Amino acid sequence: MKVTDRLVIIPTYNEKENIEAIVRKVFSLETAFDILVIEDNSPDGTADIVKVLQKEFSGLHMIERKGKLGLGTAYITGFKWALENNYEYVFEMDADFSHNPEDLIRLYEACAKDGGDMAIGSRYVSGVNVVNWPMGRVLMSYFASKYVRIVTGMKIHDSTAGFKCYTRKVLETIDLDKIRFKGYAFQIEMKFTSWKFGFNIIEVPIIFTDRTQGTSKMSGGIFNEAVWGVIKMKLRSFFTKYER
């Protein structure tokens with residue numbers, strides 16, 4: 001059952017240590033949000049925990065997939081479901097508390113009250129706000145965003161951020177079937193495409209805290225995709241019409 005016009009999409013793979021806590025936290029917020037879990041056949045029983053929670057929370061939904069099919073495809077699946085079910089504000093958030101659920105309200109208000117078409121929970125718009133990451137990873141992430149700014153021309157400080165709010169019109173405008181990236185470069189491509197369509201993108205400063213439970217899904221291949229993919233993405237944009 002749809003409780004509100006705000007939907008938080010949470011992709012999961014082996015998140016049994018976090019999923020119940022994150023679900024309960026989101027549903028405890030003063031502003032109401034529904035949740036859609038995109039579950040990639042976690043062998044640790046994440047889906048079973050969600051099914052138990054669904055008996056308690058009518059706004060908790062889940063799509064189970066056959067395996068790990070990539071972060072990008074998880075969100076695209078969620079976006080299409082959100083549009084079919086008439087949500088106006090659609091959020092991306094990790095299951096591991098690296099994104100503070102309290103900040104969902106600030107992202108929502110950036111769109112609903114401040115005129116944003118997309119709001120980004122930004123680690124770098126006001127300095128470097130990252131907790132518990134090794135310095136090497138902080139530098140890699142920070143300079144990856146700098147690199148994307150140089151190549152694409154976007155004036156976004158945190159182009160790889162995965163904590164976002166989209167308004168419905170953004171997701172309706174973008175041809176989701178033409179989004180090419182499957183890994184973390186998906187985050188860059190969605191921002192770049194939104195920017196090329198002329199949507200108003202607001203960066204909301206957040207503090208990112210690395211997970212304390214479960215294991216990270218980050219790998220070196222993800223950054224290789226981003227480095228070369230951004231150049232290809234920029235080149236393709238010269239031959240693409242962005243009209244709405």
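Details of the structure are given in the entry above.
Because the structure is a prediction, the values reported are computed rather than measured.

A. Quick look at the packing of helix 3 (residues 71–84) against helix 7 (residues 185–196). Interhelical geometry of helix 3 versus helix 7 gives an angle of 45 degrees and a closest axis separation of 8 Å. Considered as vectors, helix 3 and helix 7 are oriented oblique to each other. Here L71, G72, Y75, I76 and F79 of helix 3 come into contact with helix 7, specifically with F186, Q187 and M190. When the residues that make up the contact of helix 3 with helix 7 are grouped by side-chain class, the tally is 6 nonpolar, 2 polar and no charged.

B. Main features of the nonpolar core. Counting 39 residues, the largest nonpolar core has I9, F79, F186 and M190 as the members making the most contacts within it. Secondary structure elements with two or more residues in this core: strand 1 (6–12), strand 2 (34–39), helix 3, strand 5 (118–122), helix 6 (168–173), helix 7 and helix 8 (220–237). In terms of residues, this core owes the most to one element, helix 3, which gives 8 residues. Residues within four places of F186 in sequence aside, it is in contact with G72, Y75, I76, F79, E92, I179 and F181. Membership of the second largest hydrophobic core comes to 32 residues, among which are A47, L53, I202 and V204.

C. Highlighting the pairing of strand 5. Extensive coverage of strand 5 is indicated by the burial of 5 of its 5 residues. Burial along strand 5 is two-sided: M118, I120 and S122 facing one way and A119 and G121 facing the other are all buried. Taken together, the 3 bridges between strand 5 and strand 7 (residues 164–167) define a ladder with antiparallel strand orientation. Opposite M118, over in strand 7, you have Y166 as the bridge partner. Relative to strand 8 (residues 201–205), strand 5 is paired through 5 bridges, and the arrangement is parallel. Paired with M118 across the two strands is I201, which belongs to strand 8.

D. Geometry of the layout of surface pockets. What the second largest pocket holds in volume is close to 300 Å³. Around the second largest pocket, the lining is made up of 15 residues, and of these K178, E189, T193, T240 and Y242 lie nearest the centre. When residues of the lining of the second largest pocket are traced back to their parent elements, those giving at least two are helix 7 and helix 8. No other element matches the 3 residues that helix 7 contributes to the lining of the second largest pocket. Each residue belonging to the lining of the second largest pocket can be placed in one class, and the counts come to 6 nonpolar, 3 polar and 6 charged.

E. Representation of unusual backbone geometry within the structure. Within the chain, N86 stands out as a residue other than glycine whose phi angle is a positive 65 degrees. Residue placement: N86 occurs in the loop between helix 3 and strand 4 (89–92). Overall, the relative accessible area of 48% leaves N86 in the partly exposed class. At F97, a position not held by glycine, the phi torsion is positive, near 70 degrees. The residue F97 is located in the loop between strand 4 and helix 4 (103–112) in this model.

The rules behind the values
Residues numbered from 1 in each chain as written. Predicted model: local features only at pLDDT ≥ 70, side-chain atom pairs only at ≥ 80, totals over all residues. Heavy atoms only, no water. Axes fitted to C-alpha atoms, helices over the stretch in contact; angles between N-to-C directions. Helix = DSSP H or I, 4+ residues; strand = E, 2+ residues; numbered from the N terminus. Parallel < 35°, antiparallel > 145°, perpendicular 65-115°, else oblique. Contact = heavy atoms within 4.5 Å. Nonpolar A, V, L, I, M, F, W, Y, C, P; charged D, E, K, R; others polar. Core = buried A, V, L, I, M, F, W, Y, C linked by side-chain atoms within 4.5 Å. Buried < 20%, exposed > 50% of the residue type's maximum accessible area, 1.4 Å probe, protein only. Pairing = 2+ DSSP bridges. 1 Å grid on protein atoms, 1.4 Å probe; cavity = no way out; pocket = protein on both sides within 12 Å on 5 of 7 lines; lining within 4 Å. Points joined across faces, edges and corners; volume = space filled by probe spheres on them.

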